[in-house]
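Now for the letters of each chain:
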Amino acid sequence: MTMPATETRGFQAEVSRLLQLMIHSMYSHREIFLRELISNASDACDRLRFAALADPALAADGTGPEIRIDFDSKERTLTVTDTGIGMTRDEAAEHLGTIARSGTAEFFARLTGDQQKDSTLIGQFGVGFYSAFIVAERVEVLSRRAGLPADAAVCWSSRGDGEFTLATVTRAERGTSVRLWLREDAAEFADAFRLRGLIRRFSDHIAFPVLLRPDGGKGEYDRVNQAQALWTRPRSELTDDDYRQFYRHIAHDPGEPLAWSHHQVEGRREYTTLLYVPASAPFDLYNRESPRGLKLYVRRVFIMDDAEQFLPLYLRFIKGVIDSSDLPLNVSRELLQQDADVQAIRGAVTRRVVDLLARLAAGEADKYQTFWKEFGNVLKEGLVEDPGNRERLLPLLRFASTVDDGAVPQGLADYLARLRPGQKDICYLLADSLAAARGSPQLEGLRARGVEVLLLHERIDPWLVMHLDEYEGHRFVDIARGELRLDDIAATESAPAQAGTVIESLWPRVAARLGDRVAGVRASTRLAESAACLVRDHADPGPQLQRLLEAAGQKLPPTRPWLELNPAHPLVIRLNLLPDGDSFDSLAALLADQALIAEGAAPADPAAFVQRLNAWLLDPRMGGGA
Ligand code: ADP
Ligand code: MG
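As the structure is a computational prediction, the values presented were derived from the model and not from experiment.

## Focus: the pattern of salt bridges
One pass over the structure, following the stated rule, counts 39 salt bridges. The shortest N-O distance in the salt bridge between Glu-599 and Arg-536 comes to 2.8 Å. Placement of Glu-599 in the loop between helix 21 (582–598) and helix 22 (606–618) and of Arg-536 in the loop between strand 21 (532–535) and helix 19 (543–551) is noted, with a sequence separation of 63 residues between them. There is no split in this pair, since Glu-599 and Arg-536 are both buried. Beyond isolated ion pairs, a larger network of salt bridges with shared partners links Arg-30, Asp-185, Glu-188 and Arg-194.

As structure tokens, then:
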């Protein structure tokens, strides 16, 4: 195939939109462009090293990996050059003309118009290269792919206005130069002092030398950064700020991590881990297919992003680096999967993360709350997926509870500290929302006795509870299931006296009227103010799980709940006074429907419900006429 020497192409529509945005609405924090270009240069050096493992000839000629920054203040140009892998003409067209990663729509959806926030999205969404246009009116990329001859280099050039040109050119050296013609108002970046400051701030931890010529064009290059992989340096040498900068680099997150843990493990298996807990969840946290944050290095050589073999899925929010001294350099994902050492390292890394979270929970409650808000529901998956770490994970759980106003989620240890005299179990209630949980009639009897109830209202909770059996010898009990025994729990002063009149004869009469709708009818110990509630047997999946499964297309066999009535409630007392007949039937059906509505479901026959209710509202004597 012959290629025209020079051709002009249009950007993918999303790229044009992105460029508009860069050019017109990113004035603050525009210096991030340099971080992005140096980060790309560093990636290119990493990738060359990796490719050279299979084909050493690729890196044999020319200089070793380095990143050079040149500028010319008169011409107002700035050039970032690397000796990395380079790009072919096709690759340049592909990588610098489209946005490869999925999530582009999400990127646009997330833009807020707040420049500070929006600029933080750039690195996260893998659109860093285009940030050059924040400061440049023209960008030219000269690149020669490692292994290709000098005359197969490419020159990519654009003014950011919807199109770019490609030309085949000659370049003596392998690698890439990105040259920016700075806008008039961005002249400050063609300045050694300014550049040095930015490189130190953004790129000190880059593992390759970043070189700058003090006067721009002539003289010797100075190395500006440490040029040593940060995780290989001893902890004692590193400041918190070093760790934070490195986090920004690897996590593409301009924020601060909540916590980190850095370990150099020696012995039979030698490896280093540097693990971070981010402070906010990525948009695709719940996409179980999306990339995870651990980078694998083998003896400092970058091997792969997204090394999912080293962490279980429920810790997918962790970012960081693992550098192994033992794995072969040509290790593949398949090999990782089978390697027994990898399994062992995964176990150790998992524990390290769980310990880190436990330390955070114990020492920095505010940060732990942030963590829980962002990632708590993911961590819950651990109880389901990783029974081996159950005992370590249980203390990390947090729940809304009846004890506070819902502002602070409670841990199980806090719960146990508040057990009422005579209370043995950990009581919880499942509901579709926190509001539904708080308003549930099921809580009334326990509330009156001062018993705290954990309110489980997240989608994953019905699954979670299937894997909660006990904590420190205390069973987890769903207060909406089975018969609730409160007798052992001391009543508080304010607890209402339980129903004086036991109206045993009423229950079979109501049950006969409701037929198949219920498993049976009985007096409730759960209720204080409400008249009725529904109670499931232990084997029943429960309404939350049932609704979730039905939404997922699974049809479950119908189950029948118990109807519990409050013998002290005026409506129940009244029902008891009614003889068999229409009024009795109507009130019994209303109470059963109320119980359904209270748990967030619809009445069995909504139209009939409305008619019955209206009949009672309009004619209060209807039921009293017995
Ligand atoms: P990301 O780095 O997240 O992939 P960018 O927008 O920064 O996104 O870069 C897009 C792509 O362009 C890179 O993935 C890479 O393939 C290519 N690229 C950019 N800069 C270079 C470079 N200096 N050397 C080689 N390839 C590069
Ligand atoms: Mg990049």
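## Focus on the nonpolar core
If you look at the biggest cluster of nonpolar residues, it comprises 72 residues, and the most contacted ones within it are Leu-296, Phe-310, Phe-317, Tyr-368, Phe-371 and Leu-379. For this core, the element with the highest residue contribution is helix 11 (residues 340–363), accounting for nine residues. Structurally, this core is a two-domain feature, drawing no fewer than three residues from each of domain 2 (231–375) and domain 3 (397–497). Aside from chain neighbours lying at most four places away, what touches Phe-310 is Leu-294, Leu-296, Ile-322, Leu-327, Leu-336, Val-342, Ile-345, Arg-346 and Val-349.

## Topic: the packing of aromatic side chains
Summed over the entire model, instances satisfying the criterion amount to 16 aromatic pairs. Taking 5.4 Å as the distance between ring centres and 70 degrees as the angle between the ring planes, the aromatic pair formed by Tyr-297 and Phe-302 counts as edge-to-face. Among the aromatic side chains, those forming a connected cluster through ring pairs are Phe-11, Phe-129, Tyr-130, Trp-156 and Phe-164. Across from the ring centre of Trp-181, 3.8 Å away, lies the NZ or CZ of Arg-138, which sits over that ring. Taking NZ or CZ as reference, Arg-522 lies 4.4 Å from the ring centre of Trp-562, over its face.

## Observations concerning the sheet that holds strand 18 (residues 470–471)
Within the open sheet, the five strands sit side by side as 15-17-16-19-18. Their pairing is mixed. Every interior strand has two partners, whereas the edge strands, strand 15 (400–401) and strand 18, have only one. When strand 16 (residues 426–430) meets strand 17 (residues 454–456), the two strands line up parallel, connected through three bridges. Among the inter-strand pairings, Leu-430 is bridged to a residue of strand 17, identified as Leu-456.

## Some points on helix 11
Over its 24 residues, helix 11 extends 35 Å from the first C-alpha to the last, a length consistent with the 34 Å expected when each residue adds 1.5 Å. For helix 11, the set of buried residues is Val-342, Ile-345, Val-349, Thr-350, Val-353, Val-354, Leu-356, Leu-357, Leu-360 and Ala-361. Packed against the buried residues of helix 11 are strand 10 (259–265), strand 11 (271–277), strand 14 (319–324), helix 10 (333–338), helix 12 (365–385) and helix 13 (390–393). Looking at where helix 11 begins, the residue whose side-chain oxygen comes 2.7 Å from the main-chain nitrogen of Asp-341 is Asp-339.

## Things to note about the packing of helix 20 (residues 570–577) against helix 21
Remark: helix 20 packs on helix 21, axes separated minimally by 9 Å, with the N-to-C direction vectors making an angle of 150 degrees. Looking at the two axes, helix 20 sits roughly antiparallel to helix 21. Every pair of crossing elements has a handedness; the one defined by helix 20 and helix 21 is left-handed. Contacts between helix 20 and helix 21 involve Leu-571, Val-572 and Leu-575 on the former and, on the latter, Phe-584, Leu-587, Ala-588, Leu-591 and Gln-594. The residue makeup of the contact of helix 20 with helix 21, split by class, is seven nonpolar, one polar and no charged.

## A closer look at the pairing of strand 10
Direction of pairing for strand 10 relative to strand 11: antiparallel, over a ladder of seven bridges. Each bridged residue has a counterpart across the sheet, and for Gln-264 the counterpart in strand 11 is Thr-272. Linking strand 10 to strand 11, which pair antiparallel, is a turn of five residues; within it Gly-267 sits at a positive phi near 120 degrees.

## Description of helix 18 (residues 506–514)
For helix 18, the set of buried residues is Leu-506, Trp-507, Val-510 and Leu-514. All buried residues of helix 18 lie within an arc of 95 degrees about the axis, which places them on one face of the element. Exposed residues lying more than 90 degrees from the buried face of helix 18 are Pro-508 and Ala-512. Residue Gly-515 follows helix 18 closely and has a positive phi angle near 55 degrees.

## Some details on the domain arrangement of the chain
Many structure descriptions define interface size as the accessible area lost when the parts assemble. Each domain of the chain was delimited in the assignment, giving domain 1 (6–228), domain 2 (231–375), domain 3 (397–497) and domain 4 (500–626). Across the contact, 21 residues belong to domain 3 and 25 residues belong to domain 4. Here domain 3 meets domain 4 over a buried area of about 1900 Å², counting both sides, of which 50% is carbon and sulfur. By the criterion of area lost to domain 4, the three top residues of domain 3 are Pro-441, Glu-444 and Arg-481, representing 31% of everything that side buries. The tally of links between domain 3 and domain 4 comes to zero salt bridges. Linking domain 3 with domain 4 are 16 residue pairs in polar contact (both at pLDDT 80 or more), by the criterion used here. The set of elements that each furnish at least two residues to the side of domain 3 that touches domain 4 consists of helix 16 (444–448) and helix 17 (461–466). A per-class count over the side of domain 3 that touches domain 4 returns 13 nonpolar, three polar and five charged.

## Focus: the environment of Thr-98
Examined against the element boundaries, Thr-98 turns out to sit in the loop between helix 4 (89–95) and helix 5 (104–110). Here Thr-98 falls in the partly exposed class, since its relative accessible area comes to 24%. Each C-alpha atom, one on Thr-98 and one on Val-15, is 6.1 Å from the other, the two residues being 83 residues apart in sequence. Ignoring sequence-local partners within four residues, the contact set of Thr-98 consists of Gln-12, Val-15, Ala-93 and Tyr-130. A distance of 2.5 Å separates a polar atom in the side chain of Thr-98 from the backbone oxygen of Glu-94.

## Here's the deal with the side chain of Ser-42
Here Ser-42 lies in helix 2 (residues 32–54). Residue classification places Ser-42 among the buried residues on the basis of a relative accessible area of 5%.

## Considering the sheet that holds strand 10
Strand order in the open sheet formed by five strands is 10-11-14-12-13, and the pairing between neighbours is mixed. Either end of the sheet is taken by a strand with one partner, and the two such strands are strand 10 and strand 13 (301–304). For this sheet the average axis-to-axis angle between neighbouring strands, irrespective of direction, equals 20 degrees. Examined bridge by bridge, strand 12 (residues 293–298) and strand 13 share three bridges and lie antiparallel to one another. By the bridge assignment, Val-298 is partnered in strand 13 with Val-301.

Parameters at a glance
Residues numbered from 1 in each chain as written. Chains lettered and ligands numbered in written order. Predicted model: local features only at pLDDT ≥ 70, side-chain atom pairs only at ≥ 80, totals over all residues. Heavy atoms only, no water. Salt bridge = Lys/Arg side-chain N within 4 Å of Asp/Glu carboxyl O. Helix = DSSP H or I, 4+ residues; strand = E, 2+ residues; numbered from the N terminus. Buried < 20%, exposed > 50% of the residue type's maximum accessible area, 1.4 Å probe, protein only. Core = buried A, V, L, I, M, F, W, Y, C linked by side-chain atoms within 4.5 Å. Domains from an automatic or database assignment. Contact = heavy atoms within 4.5 Å. Phe/Tyr/Trp six-rings, centres within 6.5 Å; stacked < 30°, edge-to-face > 60°. Lys NZ or Arg CZ within 6 Å of the ring centre and 35° of its normal. Pairing = 2+ DSSP bridges. Expected span 1.5 Å × (residues − 1). Polar contact = N/O pair within 3.5 Å; in protein donor to acceptor, adjacent residues only side chain to side chain. Axes fitted to C-alpha atoms, helices over the stretch in contact; angles between N-to-C directions. Parallel < 35°, antiparallel > 145°, perpendicular 65-115°, else oblique. Left-handed = near helix turned anticlockwise from the far one by under 90°. Nonpolar A, V, L, I, M, F, W, Y, C, P; charged D, E, K, R; others polar. Arc of directions from axis to C-beta. Buried area = accessible area lost by both parts, 1.4 Å probe.

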